[in-house]
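# Remarks on the overall topology
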Amino acid sequence: MTRTMSEAPTLPAPRGPVSEAVLSVLRGDRPALPAVDGSAPYGEDLQLALYCCYELHYRGFREVDPDREWDPAVLRIRAELEGLFLSALRDDVPAGADVGSELDALLVEHVDAFGVSHHLRRHGQLWQLREYVAHRSLYHLKEADPQTFVIPRLNGPPKAALVTVQHDEYGAGAPERAHSKLFADMMTELGLCTDYGAYLDSAPAEILAEVNLMSLCGLHRGLRGALIGQFATIELTSSPGSDRLVKAMRRLGCSPAALRFYAEHVEADAVHEQLVRRGVIAPLLSAEPELAPDVVFGIRASMFLAARSDDLLLRHWNRGESSFRDGVDGRKP
Amino acid sequence: MAEARRRVIVTGEGPILVYGPVDVEMPDGTRVHSDRVVTALCACGRSRHRPFCDTSHRRRVRDDEGKEHGP
């Protein structure tokens, strides 16, 4: 009897010596582990290796024994990779402790800002929208799961408010309304494959790093402040961004069924923003003011990594090139 | 009983938050439902998703001129 979930994805292709070794450990081999400390912290090799370690805590992989999740060999190499990733982020993101001004800044709409959602709204093409959705599927097919790890690390009012948001994310009792399901429905409408992990090989390191930050902060109790900052960043910035994507999809002639995911997020995240600020962050910081620097770190690290992804996609698209890693062309269905 | 009363938060900065499912009657008599645990009702009048908040109350700035714009 297999204990692996039937829909578990297959392992991806390695992207260098570290991910090669991690994949080998996951298969149950005991390879000589390469030195990790020379790896580029945001590079393809490290980010894929880390992503695969984390995936054991979600759906796992078809070829990987579920017991690998708590295998000290995996945890040891994961800790080294996390150390490099985290210290690079701490170096690249300015420290701060004023959560109030940080949140206020996120609530200002910059009329002339330009990112992927602005590009798609104004003159993006359908193949670019499909690539964006394929990349985002790495998170959205497990939407809310990384943040759910923080629930037992909270207590009282912040826990209750966070669970209220998560309840909504998971469909409020109706599985067909779960955001991950709405996302899969949109993928189907766009002719994309809805299998969990189907676009892992296509996703560049910048996309993996955003999901890895969520898993890193969700799985470490010591980083719960950063997880809350990351969570707040999504919930505060998603509503206007989703509105731009609804407009992009209407302009591109997508079906009403395809639009549903982002349309739902315009209204849902207008509520979630309020719950996160009033219900989660305010009481959390009043009970544990020492978490403020980590909340700021979580916000700034999320914004930093999101900007790297936006730059990467726009750079490729401006040259008329696909942003998929494996050369699979998003222009073809 | 006070405990049975519905909780409503007037945020002052944007929407009015209503706890529990709501049935909203619009000026033309149509009814709009929300089954959310909390519903954010537009109070600034700018939402394009009325009666619900779509964050259109947020401050908008143009960075190249450094000045504020109405929505």
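Note that the structure is a prediction, hence the values are computed from the model and not measured. (Residues numbered from 1 in each chain as written. Chains lettered and ligands numbered in written order. Predicted model: local features only at pLDDT ≥ 70, side-chain atom pairs only at ≥ 80, totals over all residues. Heavy atoms only, no water.)

### Digging into the overall build of chain A
Helix and strand counts for chain A come out as 13 helices and 1 strand. Counting helices and strands in the order they occur from the N terminus, chain A gives α-α-α-α-β-α-α-α-α-α-α-α-α-α. Over its C-alpha trace chain A gives a radius of gyration of 19 Å, about what one expects of a compact globule, namely 20 Å for 333 residues. In terms of overall dimensions, chain A has a C-alpha envelope of 50 × 50 × 40 Å along the principal axes. (Helix = DSSP H or I, 4+ residues; strand = E, 2+ residues; numbered from the N terminus. Rg over C-alpha atoms; globule rule 2.2 N^0.38 Å.)

### Here's the deal with the interface of chain A and chain B
If you look at the interface, chain A gives 27 residues, while chain B gives 25 residues. Summing both sides of the interface, chain A and chain B together bury roughly 2,300 Å²; the carbon and sulfur share of this comes to 50%. Looking at the side of chain A facing chain B, the largest losses of area belong to Val 111, Asp 112 and Glu 267 of chain A, adding up to 24% of the total buried there. When the shortest N-O distance is used, the salt bridge between Glu 264 of chain A and Arg 36 of chain B registers 3.1 Å. (Contact = heavy atoms within 4.5 Å. Buried area = accessible area lost by both parts, 1.4 Å probe. Salt bridge = Lys/Arg side-chain N within 4 Å of Asp/Glu carboxyl O.)

### Points about the packing of aromatic side chains
The geometry of an aromatic ring pair is captured by two quantities: the separation of the ring centres and the angle between the planes. All names here are of chain A. For the structure on display, the rule yields 6 aromatic pairs over all chains. A connected cluster of aromatic rings, assembled from ring pairs, spans Tyr 42, Phe 85 and Phe 304. Over the ring of Phe 297 we find Arg 90; its NZ or CZ atom is 4.1 Å from the centre of that ring. (Phe/Tyr/Trp six-rings, centres within 6.5 Å; stacked < 30°, edge-to-face > 60°. Lys NZ or Arg CZ within 6 Å of the ring centre and 35° of its normal.)

### Digging into the domain arrangement of chain A
Residue and element names in this part refer to chain A. Per the domain assignment, the segments making up chain A are domain 1 (17–92) and domain 2 (99–318). Computed over C-alpha atoms only, the centres of domain 1 and domain 2 are separated by 24 Å. Across the contact, 20 residues belong to domain 1 and 28 residues belong to domain 2. Summing the contributions of domain 1 and of domain 2, the shared interface buries around 2,200 Å²; its carbon and sulfur component is 67%. Here Glu 55 ties to Lys 142 by a salt bridge, and the two come within 2.9 Å at their closest N and O atoms. Taken together, the connections running from domain 1 to domain 2 amount to 8 residue pairs in polar contact (both at pLDDT 80 or more). At the level of elements, helix H2 (44–55) and helix H3 (72–92) are the ones that each hand at least two residues to the side of domain 1 that touches domain 2. Of the residues that constitute the side of domain 1 that touches domain 2, the class distribution is 10 nonpolar, 3 polar and 7 charged. (Domains from an automatic or database assignment. Polar contact = N/O pair within 3.5 Å; in protein donor to acceptor, adjacent residues only side chain to side chain. Nonpolar A, V, L, I, M, F, W, Y, C, P; charged D, E, K, R; others polar.)

### Description of the environment of Arg 36 of chain B
Its place among the elements puts Arg 36 of chain B in the loop between strand S4 (31–34) and strand S5 (38–41). Taking the relative accessible area as the measure of exposure, Arg 36 of chain B reaches 13% and is therefore buried. Sequence separation between Arg 36 of chain B and Tyr 19 of chain B is 17 residues, and the spatial gap between their C-alpha atoms is 8.2 Å. Those residues within four positions of Arg 36 of chain B in sequence are excluded, and the remaining contacts are Asp 168, Glu 264, Glu 267, Ala 268 and Val 271 of chain A together with Gly 20 and Pro 21 of chain B. Within polar-contact distance, the side chain of Arg 36 of chain B engages the side chain of Asp 168 of chain A at 3.4 Å. (Buried < 20%, exposed > 50% of the residue type's maximum accessible area, 1.4 Å probe, protein only.)

### Remarks on the pairing of S4 of chain B
Residue and element names in this part refer to chain B. In the sheet, strand S3 (residues 22–25) pairs with S4 via 4 bridges, with the strands oriented antiparallel. Bridging across to S4, Val 22 finds its partner in Ser 34. Adjacent in sequence and paired antiparallel, S3 and S4 are bridged by 5 residues, among which Gly 29 carries a positive phi angle near 95°. (Pairing = 2+ DSSP bridges.)

### Observations regarding helix H13 (residues 292–318) of chain A
The terminal C-alpha atoms of H13 of chain A lie 39 Å apart, and with 27 residues this matches the ideal 39 Å at 1.5 Å per residue to within 8%. The positive-phi residue at the C-terminal boundary of H13 of chain A is Gly 320 of chain A, with phi of around 75°. (Expected span 1.5 Å × (residues − 1).)

### Focus on the sheet that holds strand S1 (residues 8–10) of chain B
Residues and elements named next belong to chain B. One open sheet accounts for 3 strands, arranged S1-S2-S5; its pairing is antiparallel. Edge positions in the sheet fall to S1 and S5, since each has one partner strand and no second. Taking the axes of each pair of neighbouring strands and ignoring which way they run, one obtains an average angle of 15° across the sheet. In this structure, strand S2 (residues 16–19) lies alongside S5, joined through 4 bridges in antiparallel fashion. Bridged to Leu 17 within S5 is Ala 40. (Axes fitted to C-alpha atoms, helices over the stretch in contact; angles between N-to-C directions.)

### What to know about unusual backbone geometry
A cis amide bond links Arg 50 of chain B with the next residue in sequence, Pro 51 of chain B, at an omega value of 15°. Here Pro 51 of chain B shows up in the loop between S5 and strand S6 (60–62). At Ala 172 of chain A, a residue that is not glycine, the phi angle is positive and equals roughly 50°. Mapped onto the fold, Ala 172 of chain A is located in the loop between helix H8 (157–169) and helix H9 (179–189).

### Focus: the UniProt feature "domain: Iron-binding zinc finger CDGSH type" (unreviewed entry) in chain B
As annotated in UniProt, the feature "domain: Iron-binding zinc finger CDGSH type" (unreviewed entry) corresponds to residues 19–63 of chain B in the numbering used here. Secondary structure content for residues 19–63 of chain B is 0% helix and 36% strand, while the C-alpha to C-alpha distance between its ends is 37 Å. (UniProt positions renumbered as here; feature names shortened; annotations may be inferred.)

### Looking at the state of the cysteines
Residue and element names in this part refer to chain B. Per the stated rule, a full pass over the model turns up 0 disulfides over all chains. Its sulfur unpaired, Cys 42 is 4.1 Å from the next cysteine sulfur, which belongs to Cys 44. What makes Cys 44 partly exposed here is its relative accessible area of 35%. (Disulfide = S-S within 2.5 Å.)

### Some points on the packing of helix H5 (residues 116–123) of chain A against helix H11 (residues 224–251) of chain A
Residues and elements named next belong to chain A. Between H5 and H11, the shortest axis-to-axis distance is 7 Å and the interhelical angle comes to 30°. When the axes of H5 and H11 are compared, the pair comes out roughly parallel. Judged by the twist between their axes, the crossing of H5 over H11 is left-handed. Counted together, Ser 117, His 118, Leu 120, Arg 121, Arg 122 and His 123 of H5 and Gly 241, Arg 244, Leu 245, Lys 247, Ala 248 and Arg 251 of H11 form the full contact between these two elements. Tallied by class, residues from the contact of H5 with H11 come to 3 nonpolar, 4 polar and 5 charged. (Parallel < 35°, antiparallel > 145°, perpendicular 65-115°, else oblique. Left-handed = near helix turned anticlockwise from the far one by under 90°.)

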